[in-house]
Amino acid sequence: LWDSTGEVAKAWNLAVKELGIECEEITSDTLKREFGKPMNVIADHLFPSASAAEKERALEKSNQEYIKLLEEEKKHTAIIEKLTQELAKTHKVCVVSNCQSGYIELFLEKNQLEQYVLDTECYGDTKKSKGENIRLVIERNHLQNCVYVGDTKGDCEAAKAAGIPFIFAAYGFGNVETFDKEIRDVRELLEIL
């Protein structure tokens, strides 16, 4: 929905420098390979020699930094706003992510989507897997006939763990071999739902 990897990489580099954690420079391409995984797994990959406490501090500090950077960005995606408006007319739209706390809310605000999204959940709030968070949202809202739309193998596995169909967004970051349906442009979602 929103490629923030450049801003997030900058924030993570600022955080690890300030905390004195040694690691390779984090780039947008590095994060594109990591996004879709839980934050603790990403931290393990990016900071292999850091202690668990250092990794947790790096996640907290990087989250603070990238929220500041993203707040300064003037991004707005008209296509996503229109799509979400249309979907919300006939479907209950929810967002589940492996991100840190505050990121989904900022995404919704930046793209003027708050009024169209019923519920959100993320790793930063629950420390649970994406599959578990999908189930939480389904149960909390008494949802039926759900699908999960994502672009990584982790998204596919999360949908499977939650017991719902997976729609692969082939235009995104990942490469997925098994899925229930595939879209090559976000606008195709309206056609298949």
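Rules and cut-offs
- Counting of residues starts from 1 at the beginning of each chain's written sequence and follows it residue by residue.
- Note on the predicted model: pLDDT of at least 70 is required for a residue's local features to be given, and 80 or more for side-chain atom pairs to be given and counted; whole-chain, interface and lining totals, by contrast, use all residues.
- To obtain the side-chain values, all non-hydrogen atoms of the structure were used and water was disregarded.
- The pairing criterion is simple: DSSP has to find at least two bridges between the two strands.
- Secondary structure counts use DSSP, requiring at least four H or I residues in a row for a helix and at least two E residues in a row for a strand, with both numbered from the N terminus.
- Angles here are taken between N-to-C directions and fall from 0 to 180 degrees, while the axes themselves are lines fitted to C-alpha atoms, restricted in helices to the stretch in contact.
- Nonpolar cores were defined as sets of buried Ala, Val, Leu, Ile, Met, Phe, Trp, Tyr and Cys residues, with membership established by side-chain atoms within 4.5 Å.
- Each residue is assigned to one of three classes by its accessible area relative to the maximum for its type, calculated with a 1.4 Å probe on protein chains only: buried under 20%, partly exposed between the two thresholds, exposed over 50%.
- Contacts between residues were defined by any pair of non-hydrogen atoms, one from each residue, lying within 4.5 Å.
- What counts as a salt bridge is simple: a side-chain nitrogen of Lys or Arg found within 4 Å of a carboxyl oxygen of Asp or Glu.
- Pairing of aromatic side chains requires ring centres within 6.5 Å, counting the rings of Phe and Tyr and the six-membered ring of Trp. Pairs whose planes differ by under 30 degrees are stacked, by over 60 edge-to-face, and all others tilted.

A. How the structure looks around the sheet that holds strand β3 (residues 148–150). The strand order across the open sheet formed by three strands is β3-β4-β5, and the pairing between neighbours is parallel. Of all the strands in the sheet, just β3 and β5 (181–183) have a single pairing partner and so form its edges. Adjacent strand axes in the sheet meet at a mean angle of 25 degrees, parallel and antiparallel pairs treated alike. Two elements, strand β4 (residues 166–169) and β5, share three bridges in a ladder whose sense is parallel. The residue of β5 that forms the bridge with F168 is E182.

B. Expanded view of the nonpolar core. If you look at the biggest cluster of nonpolar residues, it comprises 41 residues, and the most contacted ones within it are W12, I26, L46, F47, Y66 and L108. Among the elements of the structure, α1 (5–19), α3 (39–46), α4 (52–72), α5 (78–90), β1 (93–97), α6 (103–110), β2 (117–122) and β4 are those that each provide at least two residues to this core. A total of six residues in this core trace back to one element, the largest contributor, which is α4. Sequence-distant contacts of L108, defined by excluding residues within four places in its chain, comprise V95, L113, E114, V117 and T120. Among the nonpolar cores identified, the runner-up in size contains 15 residues, and V96, I138, I164 and F168 belong to it.

C. Quick look at unusual backbone geometry. You will see that Q112, though not glycine, has its phi angle at about 55 degrees, which is positive. Note that Q112 resides in the loop between α6 and β2. Look at Q112 and you get partly exposed, because its relative accessible area is 44%. Unusually for a residue other than glycine, K127 sits at a positive phi of about 60 degrees. Looking at the secondary structure, you find K127 in the loop between α7 (123–126) and α8 (130–141). Here K127 falls in the partly exposed class, since its relative accessible area comes to 45%.

D. Molecular detail of the pattern of salt bridges. Taken as a whole and assessed by the stated rule, the structure comprises 13 salt bridges. A salt bridge links E65 to K61, with the nearest nitrogen and oxygen atoms 3.1 Å apart. Here E65 pairs with K61, and both are found in helix α4, just four residues apart, close to one helical turn. In this structure, R140 and D119 form a salt bridge, with 2.7 Å as the shortest nitrogen-oxygen distance. With R140 in helix α8 and D119 in strand β2, this pair connects stretches of sequence that are 21 residues apart.

E. Main features of the packing of aromatic side chains. Under the definition given, this model contains three aromatic pairs. Every member of this aromatic cluster is reached through a ring pair, and the members are F166, F168 and F179.

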